[in-house]
Amino acid sequence: MTELEIRNLHVLVNDKEIIRDFNLTIRQGEIHALMGPNGTGKSTLAYTIMGHPRYQITSGDVLIDGESILGLTPDERAHKGIFLAFQYPVSIPGVSLANFLRVALNARNKAVNPDDKGISVVKFRQLLKSKMDLLKMDYQFASRYLNEGFSGGEKKRAEILQMAVLEPRFAILDETDSGLDIDALRIVSEGVNTLAQGHIGVLVITHYQRMLNYITPDFVHIMYGGRIVESGKAELALRLEEQGYEWIREKYGVLPDGIHD
Amino acid sequence: MLTTLPEFFDKEHEDLLREFEGAQILREYRAAAWQNAVRMPFPGKKDEAWRRISLDALLSTPLEFFPDKKAHLPAGTGISAREAVFYAGTLATGLGINEARLEPALEQAGVIFRDYADVERGDPLLLADINGKVVPPADSKFAAAASALADRGVFLHIPARFRIEKPLLARLAASNPGSAAFTHNIIKLEAGASAVVVLDFASDGAAKQTENGLHAGILEIHLGEGADLTLVELQKFGPKLWNITHERAILERDARLHWVYGALGAALSKNFIETSLIGEGAEVKMHGFYFAGGEQVFDLDTQQNHLAARTNSDLLYKGAAAGSSKTVWEGMIYVDPQAMQTDGFQTNRNLVLSAGAEVSALPGLEILADDVRCSHGATIGKLDEDELFYLQTRGIPRVEAEQLIIEGFFGEITAQVPIAELQSEITEIIKARFELAVQR
C-alpha cells in the first residue's frame, strides 16, 4: 500500500514559521479532510508538499513509501503521483486547456517510461472527452485558454478535470469547494468520488462541512497554529459545522505570533 | 571592391549607377537619391531614433559592394513545389535567383508581381510615379542608399477592384556573406483591390553564415481608396547580417491594412515601420513579434500617423529577449489637428528571459486633435513564477513549462497570421529560438 507521509514538518514563509511539527500519513484509498480557520497554514502545507520554491522547510520530511521527495522539483513530485488542485489556479494566456493537458500527460508518461512516444491527438481527444463527460463539461472548454476568463466554478472544475486526466496517486484539494454553486459542488464531488474509488489518497482542505456531505472522509483533522490539534472521524466535521472553531481557540489558545491571515 | 561604408560613400560612384538600365526618369531618381546618400550624415547617437544602438561595427567592417550576381543560392531561398501550388503567385529574387510565377487569371487581370530591377529594365514607366512617393530618399542615409543602389526587390501592383483570394508569396534573399545588398520593395493596390501577401526576407538562414553583411532596404506600400491588404512580413536573415529598413504604408480613404511583422534573424535589425492614414475612414492593424537571443539587437520604430478624420489604428507588438540580446521598441501615435474622431491604440509587451538581456519599451503619443480616443501601454516582465509552478505541478519540466508560456505569449500574434501553415512555421521558429536560448 502506497502512502504519503508528512513527518515533523516545519516551514518558514518570509522568515515566519507557518507550519510547526505537522504530522500526517495518507494511504492510497483514504480520504482525509483537513479543516481549520483561516491562516492556520493549510494552503502553505499544500504548496510545500508540491515543492513551491517560496516555502522553506527547516526540519521534517515528506515521504512517499518511506522515500523523501523534498529533493525533487515540482514536476518530479507530480511524476511520483502527487496532484494539487489549486485554490486559485493561475491563467496561462495563449495556451489551450487541451494542449496544456496533452503536454502534461506526455511529460508524465515520458518520466515513467523514457521510450514513450506520446499519446496521439486522436486518442488524447477521446480520453479528454470521456473525462469531460464525467464532470459534465462542455467540450468547447478544452479549446479555451487555460483558466483565462474562467469563472470561479469553471476553474475548479478544470482542476478536477486535470486530476482526472493525470490520474495521480495522491490528490490535495485546496478549497475546491469555494466558488462552486450547489450543483457544481455535487458534480465535482461525485467526480472526485469516481476517480478516487479506493485508488487515490485524498486530502480535502476546506473550511466547511458542505463538500464532506458528498465526499465522505475517513478521517477529519483540525489544523490550528500550523499543526494538527484534533483528529477524528466524520463526526468531527459535523461538530465544527455546529460549533464553529471557537472551542478550538479556547482549548489551544490564541494563534502564536506570526500565524494570522 | 572591399570597402567600409564611410569609404564607399566618400568616393564617386556615378559609374555604379550607370549599371542600372531604365528610363531617363528612373536614372534621375537614382542619381538624386545617390546625392542624398552621399550628402546625408550617418545616423548616430545624437539622433533620437538611433541613439540606443551602435553602428560602430557596421561602419568599420569592410564589405563587398555589388558582388557577383551569380553567387550561389542559399538553401531555402527558392520557392518549393508546395508553395508554388498554395500561393496564387510567387516571387523569389536576390542572390542570383529571379523566379516569378503568377496564376494566369491574375496575369490577365494585369497584376504585376516581379523583381524590382526586372521591372525597371522591362517596364520602367510602371515605376515612374511610384518610386520614392511613400519612402522618399531623403528619409535617411540608408533609405537614400537603398533608393540609389537597389538591384533587387519585390514589386507588386494590383489593378483597381481586383481581389485576389489566395495569398501571394515573395521571398527576398540578401545577402552574400561579407557583402552589402540594397533592396527596393513596392506594394501598390489600386482602389478597391485586395490581397494577402507574405514577404519573406531570408539570407543563408542556417547558422553557417560566418561573415557580416548588410541589407538596407525600403518598402513602399500604397493602398488606394477602399483597398485591403494583409501583409505578413518575416525577417529571417542569418545571424551575421545587419539589417536596416525604412518601411511605410500610405492608406487612402477607407483603405484597410493588416500588417504582421516578425523579426527573428539578423545580428542587428533597425526598422522603421510606419503607417500614414491620409484618407478618412482608413484603418490599420499592426501586429508584431520579435525574439532576440545571443547578442542580437532589434530596434523597432513604429509610427501610426492619423492625418484624416475617422481613422483607426491598433498596434500590438510582443517581444522576448534571451541571452545578452537587446531589444528596443519605440512607438508613436501622431494625430493631426484635422484627424477628428480617431481611435489610436498601441501596446507593447515584453518577456525578459535572461539577466543579461536588455529591453526597452517606449510608447509615445502626440495628439493635436481633441475628439479622439487614444491609449498606449507597455510592459516588461520575466516569466511568471506562479505560472511556471502551476505548470510544473502538472508534471511539465521547467524548461518545457517556459516554452509553453512563451508559445502562449506569442500565440496572440501568430494567431493573426491568416495562413495556417505559416502559423505553424512561425511557432516552430519561435520554439527553435527558445531552444537555442536555453542551450546558451
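Thresholds, definitions, all that
- Residues numbered from 1 in each chain as written.
- Chains lettered and ligands numbered in written order.
- Predicted model: local features only at pLDDT ≥ 70, side-chain atom pairs only at ≥ 80, totals over all residues.
- Heavy atoms only, no water.
- Helix = DSSP H or I, 4+ residues; strand = E, 2+ residues; numbered from the N terminus.
- Expected span 1.5 Å × (residues − 1).
- Buried < 20%, exposed > 50% of the residue type's maximum accessible area, 1.4 Å probe, protein only.
- Contact = heavy atoms within 4.5 Å.
- Axes fitted to C-alpha atoms, helices over the stretch in contact; angles between N-to-C directions.
- Parallel < 35°, antiparallel > 145°, perpendicular 65-115°, else oblique.
- Left-handed = near helix turned anticlockwise from the far one by under 90°.
- Nonpolar A, V, L, I, M, F, W, Y, C, P; charged D, E, K, R; others polar.
- Buried area = accessible area lost by both parts, 1.4 Å probe.
- Salt bridge = Lys/Arg side-chain N within 4 Å of Asp/Glu carboxyl O.
- Phe/Tyr/Trp six-rings, centres within 6.5 Å; stacked < 30°, edge-to-face > 60°.
- Lys NZ or Arg CZ within 6 Å of the ring centre and 35° of its normal.

Enquirer: Quick question: what am I supposed to make of helix 5 (residues 152–166) of chain A here?
Expert: Here helix 5 of chain A spans 22 Å end to end across 15 residues, near enough to the 21 Å set by a 1.5 Å rise per residue. The element helix 5 of chain A is extensively covered by neighbouring structure, given that twelve of its 15 residues are classed as buried. Those residues of helix 5 of chain A lying buried are A:Gly153, A:Lys156, A:Arg157, A:Ala158, A:Glu159, A:Ile160, A:Leu161, A:Gln162, A:Met163, A:Ala164, A:Val165 and A:Leu166. Looking at the buried positions of helix 5 of chain A, the neighbouring elements they touch are strand 6 (82–85), helix 3 (97–112), helix 4 (121–134), strand 7 (170–174) and helix 6 (182–196) of chain A together with helix 10 (385–393) of chain B. Directly after helix 5 of chain A, the chain includes A:Glu167, whose backbone phi takes a positive value near 45°.

Enquirer: What exactly am I supposed to notice about the packing of helix 5 of chain A against helix 6 of chain A here?
Expert: What describes two packed helices is the angle between their axes and the distance between those same axes. Residue and element names in this part refer to chain A. Where helix 5 contacts helix 6, the axes come no closer than 11 Å and their chain directions differ by 15°. It follows from the interaxial angle that helix 5 and helix 6 lie roughly parallel. Along this stretch, helix 5 crosses helix 6, giving a crossing that reads as left-handed. Seen from helix 5, the contacting residues are Arg157, Ile160, Met163 and Ala164; seen from helix 6, they are Ala184, Ile187, Val188, Val192 and Leu195. Looking at the contact of helix 5 with helix 6 residue by residue, the classes come out as eight nonpolar, no polar and one charged.

Enquirer: What should I look at first to understand the interface of chain B and chain A in this one?
Expert: It is common to report an interface's size as the accessible area lost on association of the parts. Taken together, the contact between chain B and chain A spans 17 residues of the former and 32 residues of the latter. For the pair chain B and chain A, the two sides together bury roughly 1900 Å², of which 67% comes from carbon and sulfur. By the criterion of area lost to chain A, the three top residues of chain B are B:Phe389, B:Tyr390 and B:Arg394, representing 39% of everything that side buries. One can count two salt bridges joining chain B with chain A.

Enquirer: Before we go on, may I ask you to explain the packing of aromatic side chains in this structure?
Expert: To describe a pair of aromatic rings, one takes the distance between the centres and the angle between the planes. The tally for this structure, following the rule as stated, stands at 21 aromatic pairs over all chains. Summarising the aromatic geometry, the rings of B:Phe8 and B:Trp34 are spaced 5.9 Å apart at their centres and angled 85° between planes, so their arrangement reads as edge-to-face. With B:Phe8 in helix 1 (residues 5–10) and B:Trp34 in helix 3 (residues 24–39), this residue pair connects regions lying 26 residues apart in the sequence. Overall, the relative accessible area of 2% leaves B:Trp34 in the buried class. Taking the centre distance of 6.0 Å and the plane angle of 25° together, the rings of B:Phe291 and B:Phe410 count as stacked. With a gap of 119 residues between them, B:Phe291 in strand 15 (residues 283–292) and B:Phe410 in helix 11 (residues 398–414) connect regions that are remote in the sequence. Overall, B:Phe291 belongs to the buried group, its relative accessible area being 0%. Aromatic ring contacts, followed pair by pair, group B:Phe8, B:Phe9, B:Trp34, B:Phe42, B:Trp50, B:Phe65, B:Phe142, B:Phe182 and B:Phe272 into a single cluster. For A:Arg144, the ring lying beneath its charged end belongs to A:Phe141, and the centroid distance is 5.2 Å. Sitting above the plane of the A:Trp247 ring, A:Arg239 keeps its charged end 3.5 Å from the centroid.

In short, the description is geometric, and any link to function would need to be established separately.
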